[in-house]
Amino acid sequence: MLFEHRGKRPEVDPSAWVAPTAVLCGEVRVAAGARVLWNAVLSAEDGRVELGERSVVMEHALVRGRAKTPALIADDVLIGPHAHVNGATVEQEAFIATGAALFPGARVGARAEVRIHGVVQVNSRLPDEGLVPIGWVAVGDPAEVLPPDRHDDIWAIQETLDFPGTVYGEPRGPDLMRRVMASQSAWFEAHRDDRAL
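Computed from a predicted structure; not experimentally measured. (Residues numbered from 1 in each chain as written. Predicted model: local features only at pLDDT ≥ 70, side-chain atom pairs only at ≥ 80, totals over all residues. Heavy atoms only, no water.)

1. A closer look at the pattern of salt bridges
Link 1 in the chain: Applying the stated criterion across every chain yields a total of 18 salt bridges.
Link 2 in the chain: As a salt-bridge pair, E45 and R64 come within 3.6 Å of each other at their nearest N and O atoms. Placement of the pair is E45 in the loop between β7 (41-44) and β8 (49-51) and R64 in strand β10 (residues 62-65), with a sequence separation of 19 residues.
Link 3 in the chain: You can call E45 buried: its relative accessible area is 5%.
Link 4 in the chain: Across the pair R115 and E113 runs a salt bridge, and its minimum N-O distance is 2.9 Å. (Salt bridge = Lys/Arg side-chain N within 4 Å of Asp/Glu carboxyl O. Helix = DSSP H or I, 4+ residues; strand = E, 2+ residues; numbered from the N terminus. Buried < 20%, exposed > 50% of the residue type's maximum accessible area, 1.4 Å probe, protein only.)

2. A few points about the sheet that holds strand β9 (residues 56-57)
Link 1 in the chain: Spatially, the 7 strands line up as an open sheet ordered β3-β6-β9-β12-β15-β18-β21, and their pairing is parallel. At either end of the open sheet lies a strand with only one pairing partner, and these are β3 (17-18) and β21 (131-132).
Link 2 in the chain: Of the pairings in the sheet, the one linking strand β12 (residues 78-79) to strand β15 (residues 95-96) comprises 2 bridges and is parallel in character. What sits directly across from L78, in β15, is F95. (Pairing = 2+ DSSP bridges.)

3. Some remarks on helix α3 (residues 176-188)
Link 1 in the chain: The end-to-end C-alpha distance of α3 is 18 Å, a good match for the 18 Å that 13 residues give at a rise of 1.5 Å each.
Link 2 in the chain: Every buried residue belonging to α3 is among L176, R179, V180 and Q184, and all of these are buried. Projected down its long axis, α3 shows its buried positions confined to an angular sector of 120 degrees, all on one face. Every exposed residue of α3 that faces more than 90 degrees away from the buried side is listed here: R178, A182 and S185.
Link 3 in the chain: Buried-residue contacts for α3 involve α2 (163-168). (Expected span 1.5 Å × (residues − 1). Arc of directions from axis to C-beta. Contact = heavy atoms within 4.5 Å.)

4. Comments concerning the sheet that holds β7
Link 1 in the chain: Reading across from one edge, β23-β22-β19-β16-β13-β10-β7-β4-β1-β24 is the order of the 10 strands in this open sheet, with mixed pairing throughout. Each edge of the sheet is formed by a strand with only one pairing partner; in this case those strands are β23 (144-146) and β24 (195-196).

5. Structural notes on unusual backbone geometry
Link 1 in the chain: A cis amide bond, omega 5 degrees, links D141 with the succeeding residue P142.
Link 2 in the chain: Structurally, P142 can be placed in the loop between β22 (137-139) and β23.
Link 3 in the chain: Even without being glycine, R54 reaches a positive phi, approximately 60 degrees.
Link 4 in the chain: You can see R54 is positioned in the loop between β8 and β9.
Link 5 in the chain: Among the residues examined, R54 registers a relative accessible area of 45% and is labelled partly exposed.
Link 6 in the chain: Even without being glycine, H60 reaches a positive phi, approximately 65 degrees.
Link 7 in the chain: On the secondary structure map, H60 appears in the loop between β9 and β10.

So this is what it looks like as structure tokens:
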């Protein structure tokens, strides 16, 4: 389904294919030969989503674009089932596996791989031909790739990347979630005015 959001409409190249149960919302561009499979969601909140030529977004994946961090997916990229690509840039020929998570400001280089349930943290950069093994975390710029059992080492880098400021525009503090959820609830209310196309 295609939805107009905040006055912006999806554009799909005639040679692309979008499954009838997929959702494209807002300023979403799907290039020639691209495929968006069943129940995938490409949502441009106040930014944009660009899906390159011959790229594929598989079942139940989410690709979200934001004003400061649009979702830019280059040519010949595979985004696996249940992957989460939120405000990230993915360069050509990269492989984003099942359940991988890419956070706002992240950049995955050309021909890089983020394997099953791998994570590229906020404002982190995985180089060309880089690799995040199954379940591991890439954090920092340039990214250090660490196993999940090294939480303290991951956090030492991640804390400096300002997740709440980057994602929600809010500083850390004891009332963070109350502030975040008040703004998120108001922000997502704009979907009440979406129009099915």
